[in-house]
Amino acid sequence: MSLPADAPWPARHYPAVLLAVIALKALIATLLPITGDEAYFLIWAAHPDLGYYDHPPMIGWWLSAVTAVSEHPLVIRIPGILVSVAPALLILALWHRHDPVRARLVSLLALFMPLLFIAVLVATDTPLILFGLLATGLVWYALREPRPGVAALAFFLGGVALGLAFLSKYFAVLLGVAIGLHILLFAREHWRGLLLIILGVLPAVALNLYWNWDNCWYNVMFNVVNRHGGDGFDPGGTLTYAALLVYLFTPWLLWFLARQRRAVVQGVREHRLGVFVSAGLIPLGLFALLSPFAGIGLHWLAVFAPLLLVPALFLTTRALRISVWLSGLLALLHALLLLAIATLPVDWLRGHGDHASAVFYLAPEEVAALTEPYADADRSEEDWHFFTRSYSRSALLSHYSGHYFGVFGEGSHYGRQDDLITDFRALDGENFVFIPRRGEIDREELAPFFDRVEIRTGEASGIPWQVAEGHGFDYAAYHEDVLRPVRERYYDIPAWLPEGRCAFRERYATSANH
C-alpha cells in the first residue's frame, strides 16, 4: 500500500531511517569493548551444555554458533542488533496493510524505545525477546484464525516458541501466565488452544528440569534460594519503578496515550489486539507489586514493554509524528553517550577513584597483556593457572588473553559457572597467577593457600599493576577455608527440591581427603 503525499517525513523515509539506526548500532557494537557479562556468556559458548549456573542455555547455544564464525565484537553482537529491531518489524508487519503511515510511525517508536535502541550487546534477554514476540504473535494469529486446524497449529507453535523463550530466561513464565490469563478471561472459547500452548511448552520445561535435577538445581538455587535475601519493604522502590516506566515509554507517548485513551481502547477492542496488551501489561503490573520488595531492572521489561506499543497504532498521526521526532532525538542522545564511552581514552579518568576499574573494563586487553609471560610456553619455565576474584573480570580476561581464568575465593551467588569448570583437587601443588581488580594485591589473602607468594609489578594503561604468583597450591587449606563454606552457603539444597545429583557437593565432600 502506497503512502499518501502528506505522510510525515519519518514515515516516507522509513527504510533509510531503519538502515541508519542499524548502521549506528553496528558502529557502537564494533567500538565498545566486550562487557563482563558478554564474556561470561562466551564461556558458556565454549562449554556447550543443556544448562548453565545462572540461566537456561539458549544464549550459550546461540553464541556457540556465532563464535564458530568469528569472535569479533560486531559478529558476536549481530544477534543482539537484529533482535533489537525485531519489535519494530513485528509492528510494521502487523499493521502495514491497515494503515501504512501509522504502522511505520509506531515501528519507529519501537526502534527508538530506549531499552531497545541501546540493545547492541548480547544477553539472555536477546533470545527471550525474539521467542517471546514470536509466541505472542502466533497466539494472536490463532485467536483470530477461523479455520480450527490452522488455529490449533498456531497455538501449538506458539507454545513451542514460548518453550524456547523459557530456555532463554525464566521471565518467559510471566509471559506464559499473561497469555494464559488473557485466554481464560477474554477468550474462553479458546481454552483448548491454551492446552495446546502448554503441550508445546512441555518439552522445554522437561529438558530444563532434567538438567537442574542432574546439576545441583543450579537455576532454582540461583533464582529462588540464593539470590533473594529479603531486602525488606521500601516504598521508594515503587517510585523508582514508575520513573523507569516513564523513561522507557517516554513522557510524550504516555501523555498522548492518556489523552486519546478512548480511541486507543476502542481500536484495540475492534481489531482484537488485546493479547498484546495483556502480555505486556500483566507482567508489568506484577513487577509493580514486587517493586517495594526488590529492585526492578530495566532489562526485566525487555520482552514485555515492546508489546505495549501496539495500542499506539490508534493515536492520531499528529501525536505519532511528534512522538517519533522526540523519541528520535532521545535515541540520538543515547547514541552520542555510547560513542563517547567507546571512544574516549580511559586516561581522562586518571586520578579518579574509578580509573583502575575503567581500565579493566574499557581497556581489558591491556590488563590481559600482563599474563603474556606466563602463557608463552617458550618464555615460561612453569605451567600456570590463571585466576581473579570476580566472575566478571575472570570472564573478560579469559576472552582477551585467550586462556581460561577461574575464580579464586568464595565469590558471591552471581556468576558461579566456574564451579562447574574448575576442579581444585586436580590443582593441588600447582602454580597460580592472580590479577587484582584495582592493580594492588594483599599478599596475606593468598599466603595461607600456597607454599610461597611472589608479587611482580607491570603496567596497564599507565597504571602500575601488580601480578601475584602463588607457588605450590595447598588444596587442603583451600578446601577447609573456602570450599567448605561455599558448599554450606550456596549448595544447601532445600528439602522441598527432589534429591538429584550434585557434582560440586560430591567433589568437595566434608573432608579434603574424603
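See the structure shown above.
Described in the following lines is the structure provided in the data block. Since this is a predicted model, take the numbers as computed values, not measurements.

1. With respect to the nonpolar core
What tends to happen in soluble globular proteins is that the nonpolar side chains get buried as a cluster.
At step 1: Membership of the largest hydrophobic core comes to 161 residues, with the highest contact counts inside it found for Leu 301, Phe 408, Phe 424, Trp 465 and Phe 473.
At step 2: Sorting elements by how many residues they give to this core places helix H9 (residues 125–144) first, with ten residues.
At step 3: When neighbours within four sequence positions are excluded, Leu 301 is seen to be in contact with Leu 115, Tyr 241, Leu 244, Leu 245, Leu 248, Leu 284, Phe 287, Ile 296 and Pro 306.

2. Here we look at the side chain of Glu 469
At step 1: Looking at where Glu 469 falls in the secondary structure, it is placed in strand E5 (residues 463–473).
At step 2: Within polar-contact distance, the side chain of Glu 469 engages the side chain of Arg 456 at 2.5 Å.
At step 3: If we skip the residues at most four places from it in the chain, Glu 469 touches Tyr 374, Trp 384, Phe 432, Arg 452, Val 453, Glu 454 and Arg 456.

3. A look at the sheet that holds strand E2 (residues 405–407)
Hydrogen bonding along the main chain pairs the strands of a sheet, whether they run parallel or antiparallel.
At step 1: Read across the open sheet, the five strands follow the order E2-E1-E3-E5-E4; overall the sheet is mixed. Lying at the two open borders of the sheet, with one neighbouring strand each, are E2 and strand E4 (450–460). Averaged over all pairs of adjacent strands, the angle between their axes in this sheet comes to 30 degrees, without regard to strand direction.
At step 2: Across the sheet, helix H19 (residues 355–362) touches E4 and E5, and the angle it forms with E5 is around 75 degrees.
At step 3: In the packing of helix H22 (residues 391–401) onto the sheet, contacts are made with strand E1 (384–388) and E2, and the angle to E2 comes to roughly 170 degrees.

4. Digging into the packing of aromatic side chains
At step 1: Overall, the coordinates contain 47 aromatic pairs when judged by the stated rule.
At step 2: One aromatic cluster is present, built from ring pairs that chain together Tyr 53, Trp 211, Tyr 218, Phe 222, Tyr 414, Tyr 475, Tyr 491, Phe 504 and Tyr 508.
At step 3: Positioned over the ring face of Phe 117 is Lys 25, at 5.4 Å from the centre of the ring.
At step 4: Sitting over the face of the ring of Phe 360, Arg 393 holds its NZ or CZ atom 5.1 Å from the ring centroid.

5. With respect to a nonpolar patch on the surface
At step 1: Together, Leu 153, Phe 156, Leu 157, Val 160, Trp 191, Leu 195, Ile 198, Leu 199 and Leu 202 make up an exposed nonpolar region whose accessible area comes to about 780 Å².
At step 2: At the level of secondary structure, the elements contributing two or more residues to the nonpolar patch comprise helix H10 (148–166) and helix H12 (191–214).
At step 3: By residue number, the principal contributor to the nonpolar patch is H12, which donates five residues.
At step 4: Looking at the secondary structure, you find Leu 153 in helix H10.

6. Brief notes about the pairing of E5
At step 1: Counting buried positions over the eleven residues of E5 gives nine, a clear majority of the element.
At step 2: Summarising the sheet, E4 and E5 pair through ten bridges and their orientation is antiparallel. Among the inter-strand pairings, Arg 456 is bridged to a residue of E5, identified as Val 467.
At step 3: Hairpin connection, E4 to E5: the antiparallel pair is bridged by two residues, and Ser 461 has positive phi, about 55 degrees.

What counts and how
The residue numbers shown here count from 1 along each chain, following its written sequence. Only residues with pLDDT of 70 or above have their local features reported here, since the model is predicted, and side-chain atom pairs are shown and tallied only from 80 upward, although totals for entire chains, interfaces and linings are computed over all residues. Working from all heavy atoms in the structure, the side-chain values ignore hydrogens and water. Buried residues of nine kinds, namely Ala, Val, Leu, Ile, Met, Phe, Trp, Tyr and Cys, make up a nonpolar core once their side-chain atoms join them within 4.5 Å. Classification of residues uses two cut-offs on accessible area relative to the type maximum, computed with a 1.4 Å probe and protein chains only: under 20% is buried, over 50% is exposed, and between them is partly exposed. Counting from the N terminus, the helices are the DSSP runs of H or I reaching at least four residues and the strands are the DSSP runs of E reaching at least two. Contacts were defined at the residue level, with two residues in contact if any of their heavy atoms lie within 4.5 Å. Definition of a polar contact: a pair of N or O atoms within 3.5 Å, with one able to donate and the other able to accept a hydrogen when the atoms are protein atoms, and with sequence-neighbouring residues admitted only if both atoms are side-chain atoms. Here the rule is simple: two strands pair whenever DSSP picks up at least two bridges between them. With axes taken as lines fitted to C-alpha atoms, and helix axes fitted only over the stretch in contact, angles between N-to-C directions fall between 0 and 180 degrees. Aromatic pairs are defined between Phe, Tyr and Trp rings, using the six-membered ring for Trp, whenever the two ring centres lie within 6.5 Å; interplanar angles under 30 degrees are classed as stacked, those over 60 as edge-to-face, and all others as tilted. Throughout this description, the term charge over a ring refers to an Arg CZ or Lys NZ atom that lies within 6 Å of the ring centre and within 35 degrees of the ring normal. Two joining distances apply to patches: 9 Å for like charges and 5 Å for nonpolar side chains (Val, Leu, Ile, Met, Phe, Trp, Tyr), and every residue must have over 30% relative accessible area and no salt bridge. Residue exposure ignores everything except the shown protein chains as possible cover, and the areas themselves are Shrake-Rupley values with a 1.4 Å probe. One speaks of a salt bridge when a side-chain nitrogen belonging to Lys or Arg is within 4 Å of a carboxyl oxygen belonging to Asp or Glu.

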